[in-house]
Amino acid sequence: MSIPSAEQVAGLVAESIHQRGREPESLLQHLIAIQQKFNHVPESAVEALVGELGVARTRIKSAVAFYAFLHDRPRGEFDILFSDNITDQMLGSRRLMRLLCERLDVEPGTTRADGRVTVDPTSCTGMCDQGPAILVNGMAVTRLDAQRVDRIADLVQAGTEPVHWPGDFFRVVDNLRHPGLLLSAPDTQGGGLGTLLEKGADAALAEVERSGLRGRGGAGFTTALKWKLCRQARSAERYVVCNADEGEPGTFKDRVLLTSYADLVLEGMTACARIIGARRGFLYLRGEYRYLLRHLESVLERRRAQGLLGRDIRGERGFDFDIAIHLGAGAYVCGEESALIESLEGKRGVTRKRPPFPVTSGYLGHPTVVNNVETFLAAARILEQGGAWFRSEGTDKSAGSKILSVSGDVDRPGIYEYPFGTPVSQVLADCGAEHTQAVQVSGAAGETLSAPEFERVLAFEDLPTAGSFMVFHHGRDMLDMVRNFAHFFQHESCGFCTPCRVGTALLRDLVEKVAAGQASDYDLDEMRHVGAVMRQASHCGLGHSAPNHLLSTLEKFPESCRRRLRSPDYSPSFDLDAALADARAIAGRDDAGAHLEGET
Ligand code: SF4
């Protein structure tokens, strides 16, 4: 669309304020609404928000600069983002992006001169089981192929709004392949809450404790202890936050849980609220899953009508609790709980110094429980079925089951649920993986396994995982994975601390140097050194885990790098002689003495 008039901007800001309020915490939600309407956040909208919310202009501008889905310059009317995870690449996404760009006569990363279309790569969109995938004006299009790209090019050229595109383009399926303890039974409404109200909050918390449930985000903190600490913290207000910002490349299970088991997730949040004494909760939904917003809002509405949310829940006087959905805007670091809380407060998602931990000082400084989607779902099932039922599966230290997002070189990508203690080889056999060279467990930040490790088991004491399970067969070049993740982390580093900001850029450049065949042993050592510094000195988990994939690959798949080395000795990461070409031209010299190579 053309640049909006001052009246149009003022009208939308007023409407957004009416819908979302004028608390400073609502800032990000206003910015998302403005971005959606005008394809960018115009300066006049920033000024209007300064007046309406009473927040500093710099805070608004820095938020726009921070979130990948917000822009201060107009994007195309059709804003097309290609999911650029390694699994999308393996399915041909880069070739398809070039094809679309050729058809639309636009360069990747730019907006066409007529303002009609922008094409860009973006981080994993959570559709790895049905990729390659794109987002068109924020809505997911799956199972892209050359034919679909052709059709999309025609629709864009004709100016057909996405709402009138074939519905099948936007079809997202669950691909639930192997349900287990949690997912074998259908979604339920109110069962867990009924038990909780019957037995009381103390008994319900004891049941969660008996189950041995640990957070499913990867770190594995004991859920009952987290809830107990929050309950004990002194405050007039407490909050429950569901972290549905699964941005780890290769993860998509929350998408399925929020689609087909949303009641259980919301029930787990509501039970937590009753136990800790919270009246407000937030579901932080990653921006890539915006298409789920309407569905989730309708589930919330129905639960209010059923007396499962709102005032006097299930008839118990004073049991008041409600949930608001807060959209993210494309920032991987917001998956970290303190960064997520910053984002909920309408700020840049920069991680906080801890302690204090969110259980004592979280949202707006109040005690806050942050758990992920799978954890809340498991808690609801535990209240329905009992702690012993949950403990009947898993290992001593890892009770229950784990839900996996399986993608890559497999016949049947999708959602798999297994008891903790299941070996990787079992998952590979079930999903139809053959000639597997490597498995990346727990996403880009996780661990790269080689074949001798496939008998290792999914468990906190062996292979802790947030759920991503990407498979690479023997035909794959592991350096492609490393390059993809190195770029990902450089892009997603929030820039707050030097070891991560500089380290991710250095690692990306060194990996590119290897790929270009210009690296030496010195560079490989340099990677190890930079990775070690990042692990030790970075401020948050992103920086600690960003070098994992590279260090694992250097150790377990050394040939993927070594066979590209140009020489065993040091060589610079850029061609100094070539860089001096302009100077030689200006000086009118091209003799041997004007070249560096002859000198060394
Ligand atoms: Fe930001 Fe990276 Fe530092 Fe975390 S480690 S605070 S993501 S720069």
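Because the structure is predicted, anything quoted here is derived from the model rather than measured.

Definitions and cut-offs
- Residues numbered from 1 in each chain as written.
- Predicted model: local features only at pLDDT ≥ 70, side-chain atom pairs only at ≥ 80, totals over all residues.
- Heavy atoms only, no water.
- 1 Å grid on protein atoms, 1.4 Å probe; cavity = no way out; pocket = protein on both sides within 12 Å on 5 of 7 lines; lining within 4 Å.
- Points joined across faces, edges and corners; volume = space filled by probe spheres on them.
- Helix = DSSP H or I, 4+ residues; strand = E, 2+ residues; numbered from the N terminus.
- Nonpolar A, V, L, I, M, F, W, Y, C, P; charged D, E, K, R; others polar.
- Domains from an automatic or database assignment.
- Contact = heavy atoms within 4.5 Å.
- Buried area = accessible area lost by both parts, 1.4 Å probe.
- Salt bridge = Lys/Arg side-chain N within 4 Å of Asp/Glu carboxyl O.
- Polar contact = N/O pair within 3.5 Å; in protein donor to acceptor, adjacent residues only side chain to side chain.
- Axes fitted to C-alpha atoms, helices over the stretch in contact; angles between N-to-C directions.
- Left-handed = near helix turned anticlockwise from the far one by under 90°.
- Buried < 20%, exposed > 50% of the residue type's maximum accessible area, 1.4 Å probe, protein only.
- Pairing = 2+ DSSP bridges.
- Patch = residues over 30% accessible without salt bridge, like charges linked within 9 Å, V, L, I, M, F, W, Y side chains within 5 Å.
- Areas by Shrake-Rupley, 256 points an atom, 1.4 Å probe, with all protein chains shown as cover.
- Phe/Tyr/Trp six-rings, centres within 6.5 Å; stacked < 30°, edge-to-face > 60°.
- Lys NZ or Arg CZ within 6 Å of the ring centre and 35° of its normal.
- Core = buried A, V, L, I, M, F, W, Y, C linked by side-chain atoms within 4.5 Å.

### So, empty space enclosed by the protein
Reasoning step 1: For the structure on display, the rule yields three cavities of 30 Å³ or more.
Reasoning step 2: Approximately 150 Å³ is the volume found for the largest cavity.
Reasoning step 3: If you go around the largest cavity, you meet 20 residues; those closest to its centre are Arg286, Glu288, Gly330, Ala331 and Tyr332.
Reasoning step 4: In terms of residue count, helix H18 (residues 478-492) provides more of the lining of the largest cavity than any other element does, three residues in total.
Reasoning step 5: Looking at side-chain class alone, the lining of the largest cavity contains nine nonpolar, seven polar and four charged residues.
Reasoning step 6: In this structure, the second largest cavity spans a volume of roughly 80 Å³.
Reasoning step 7: Around the second largest cavity, the lining residues are Val333, Thr351, Ser493, Cys494, Gly495, Phe496, Cys497, Cys500, His539, Cys540, Leu542 and Gly543.

### A word on the domain arrangement of the chain
Reasoning step 1: Taken domain by domain, the chain consists of domain 1 (6-66), domain 2 (78-173), domain 3 (177-391), domain 4 (401-476) and domain 5 (479-562).
Reasoning step 2: Domain 2 and domain 5 are separated by 29 Å when their C-alpha centres are compared.
Reasoning step 3: At the junction of the two partners, domain 2 supplies five residues and domain 5 supplies seven residues.
Reasoning step 4: For the pair domain 2 and domain 5, the summed buried surface comes to about 370 Å²; carbon and sulfur atoms form 51% of the total.
Reasoning step 5: The tally of links between domain 2 and domain 5 comes to zero salt bridges.
Reasoning step 6: Linking domain 2 with domain 5 are three residue pairs in polar contact (both at pLDDT 80 or more), by the criterion used here.

### Quick notes on the packing of helix H9 (residues 201-211) against helix H10 (residues 223-232)
Axes are the key here: two packed helices are described by the angle between their axes and the distance separating the axes.
Reasoning step 1: Close contact between H9 and H10 brings their axes to 8 Å; oriented N to C, the two are set at 145°. Of the two elements, H9 crosses H10, and the hand of that crossing is left-handed. Along its contact with H9, which presents Ala201, Asp202, Leu205, Val208 and Glu209, the element H10 presents Thr223, Ala224, Trp227, Lys228 and Arg231.
Reasoning step 2: Class assignment of the residues belonging to the contact of H9 with H10 gives a composition of five nonpolar, one polar and four charged.

### A word on unusual backbone geometry
Reasoning step 1: In this structure, the amide linkage connecting Gly131 to the following residue, Pro132, adopts the cis form with an omega of -5°.
Reasoning step 2: With respect to the secondary-structure elements, Pro132 resides in the loop between strand E3 (117-122) and strand E4 (134-136).
Reasoning step 3: Backbone torsion omega between Pro355 and Pro356 reads 5°, so that peptide bond is classified as cis.
Reasoning step 4: Look at Asn175: it is not a glycine, yet its phi comes out positive at around 50°.
Reasoning step 5: Take Asn175: it is sitting in the loop between helix H7 (146-157) and strand E6 (176-178).
Reasoning step 6: Unusually for a residue other than glycine, Arg314 sits at a positive phi of about 50°.
Reasoning step 7: With respect to the secondary-structure elements, Arg314 resides in the loop between helix H13 (293-305) and strand E9 (322-327).
Reasoning step 8: Here Arg314 falls in the partly exposed class, since its relative accessible area comes to 45%.

### Notes on the sheet that holds strand E8 (residues 280-285)
Reasoning step 1: Read across the open sheet, the four strands follow the order E9-E8-E7-E10; overall the sheet is parallel. Each of the sheet's edge strands pairs with one partner strand only, and the pair in question is E9 and strand E10 (368-372). In this sheet, adjacent strand axes meet at a mean angle of 20° when their direction is disregarded.
Reasoning step 2: Against the sheet, helix H14 (residues 337-344) makes contact with strand E7 (239-244), E8, E9 and E10, and its axis sits at roughly 105° relative to E8, the strand it touches most.

### A few points about the side chain of Arg112
Reasoning step 1: Structurally, the position occupied by Arg112 is in the loop between strand E2 (110-111) and E3.
Reasoning step 2: In this view, Arg112 contacts Leu104, Asp105, Val106, Val117 and Gln157; residues no more than four positions away in its chain are not counted.

### Regarding a nonpolar patch on the surface
Reasoning step 1: On the surface, Phe221, Leu225 and Leu229 cluster together to form a nonpolar patch covering roughly 250 Å² of accessible area.
Reasoning step 2: Along the chain, the position of Leu225 falls in helix H10.

### A word on the packing of aromatic side chains
Reasoning step 1: Taken as a whole, this structure holds 15 aromatic pairs when the rule is applied.
Reasoning step 2: With a centroid separation of 6.4 Å and 80° between ring planes, the pair formed by Trp165 and Phe169 is classed as edge-to-face.
Reasoning step 3: With a centroid separation of 6.3 Å and 25° between ring planes, the pair formed by Tyr239 and Phe282 is classed as stacked. Of the two residues, Tyr239 sits in strand E7 while Phe282 sits in strand E8, which places them 43 residues apart along the sequence.
Reasoning step 4: Judged by relative accessible area, Phe282 falls into the buried class, the value being 6%.
Reasoning step 5: In this structure, Arg274 is placed above the aromatic ring of Phe319, and the distance from its NZ or CZ to the ring centre is 5.7 Å.
Reasoning step 6: Residue placement shows Arg286 over the ring face of Tyr289; its charged tip is 5.1 Å from the ring centre.

### Describing the sheet that holds strand E14 (residues 447-450)
Reasoning step 1: The strand order E6-E12-E11-E15-E13-E14 describes an open sheet built from six strands, whose pairing is mixed. In the strand order of this sheet, the two ends are held by E6 and E14, each with one partner. Strand-to-strand, the axes of this sheet are offset by a mean angle of 30°, without reference to chain direction.
Reasoning step 2: Helix H11 (residues 253-260) rests against strand E11 (401-408) and strand E12 (414-419) of the sheet, and its axis sits at about 120° to E11.
Reasoning step 3: This element, H18, spans strand E13 (436-441), E14 and strand E15 (468-473) of the sheet and lies at about 20° to E13.

### Points about the nonpolar core
Reasoning step 1: Membership of the largest hydrophobic core comes to 141 residues, with the highest contact counts inside it found for Trp227 and Leu283.
Reasoning step 2: Considering every element that reaches this core, the biggest residue donor is helix H12 (residues 262-276), with ten residues.
Reasoning step 3: Leu283 has contacts with Cys242, Ala244, Leu258, Leu266, Met269, Leu296, Ile323, Ala324, Ile325 and His326, leaving out every residue within four places of it along the chain.
Reasoning step 4: Membership of the second largest hydrophobic core comes to 22 residues, among which are Phe78, Cys101, Val117 and Val136.

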